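Chain and residue survey
Spelled out, the chains give:
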Amino acid sequence: MTKILVAYNDSQAEDARLFFESCADDVKQCCFDNGLEFTSICSPNLTEENICENIQSHKLCFIAAHGDAYGVYNENDEDVVSTRTTNYGFNGKGFYAVSCSCGQELCGELQRIGLKIFIGYNDEFRIYGNENPFRESAMSGLKHFLSGENIQTSRHAMLEKFDEEIEKLNDFNPMAAQYLLHDKEALVFSGEDDIKISDLI
């Protein structure tokens, strides 16, 4: 059975908690819809140790938490997955992050040890106003990939979703549209075009 690791920062002290939770809920629903199993890791258990222990038995790690160029962090600013953590368990796996900037350095580090697909951002992930267009755009690629589509199709569908939401926002909230365009332009969607979820180990 295909298993997905769903990790997110839902600390009560976290301003973006509801957004991170909503992203994680989308993944869980997608797993239900496609007959996939999932394991949740959230605060206060969002730690490097728990990710390393669980990734071995999961094909893909989804994470929604704060990040920077070098990694993704928990509510205590501790490394969860970063260029400084032990990442060999990601060999042959997938990594999908709704986190700022980790596409800069973390992407290359995980690919160096054998990660097959990386989806994240090489700049800040920004939200302005209503969170729904930002969440729906950020999650669309994963929804397609978990449904069995390959990387090329999932990437194309995700970019189309960004464009669709940007066009809607342009009519009544041009500032939000600019923020969403920024997120689209910062997107890192890396992996061989024909890879599907079934190809991950």
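In this report, we go over the structure that sits alongside the text.

About the cut-offs
Residues numbered from 1 in each chain as written. Predicted model: local features only at pLDDT ≥ 70, side-chain atom pairs only at ≥ 80, totals over all residues. Heavy atoms only, no water. Disulfide = S-S within 2.5 Å. Buried < 20%, exposed > 50% of the residue type's maximum accessible area, 1.4 Å probe, protein only. Axes fitted to C-alpha atoms, helices over the stretch in contact; angles between N-to-C directions. Helix = DSSP H or I, 4+ residues; strand = E, 2+ residues; numbered from the N terminus. Parallel < 35°, antiparallel > 145°, perpendicular 65-115°, else oblique. Left-handed = near helix turned anticlockwise from the far one by under 90°. Contact = heavy atoms within 4.5 Å. Nonpolar A, V, L, I, M, F, W, Y, C, P; charged D, E, K, R; others polar. Pairing = 2+ DSSP bridges.

A separate point is the state of the cysteines. In total, this model carries zero disulfides according to the counting rule given. Between cysteine 30, a cysteine without a disulfide, and cysteine 31, which holds the nearest cysteine sulfur, the sulfur-to-sulfur distance is 6.2 Å. Taking the relative accessible area as the measure of exposure, cysteine 30 reaches 7% and is therefore buried. Looking at the unpaired cysteine 61, the closest cysteine sulfur is the one in cysteine 52, lying at 10.0 Å.

In a pair of packed helices, the angle between the axes and the distance between the axes together describe the arrangement. The N-to-C vectors of helix α1 (residues 17-33) and helix α4 (residues 132-146) enclose an angle of 25°; their axes lie 10 Å apart at closest approach. In terms of orientation, α1 and α4 fall into the roughly parallel class. Read as a crossing pair, α1 and α4 show a hand that is right-handed. For the pair formed by α1 and α4, the contact residues are Phe19, Ser22, Cys23, Asp26, Val27, Cys30 and Cys31 on the first element and Phe134, Arg135, Met139, Leu142, Lys143 and Leu146 on the second. For the contact of α1 with α4, a count of residues per class yields nine nonpolar, one polar and three charged.

One open sheet holds the six strands; their spatial order is β2-β1-β3-β7-β8-β9, and the pairing between them is mixed. Each having just a single partner strand, β2 (37-42) and β9 (187-190) make up the two edges of the open sheet. Averaged over all pairs of adjacent strands, the angle between their axes in this sheet comes to 10°, without regard to strand direction. Both strand β3 (residues 60-64) and strand β7 (residues 94-98) contribute to a ladder of five bridges, which runs parallel. Paired with phenylalanine 62 across the bridge in β7 is tyrosine 96. Where helix α6 (residues 174-186) meets the sheet, its contacts fall on β8 (117-121) and β9, and the angle it forms with β9 comes to roughly 30°.

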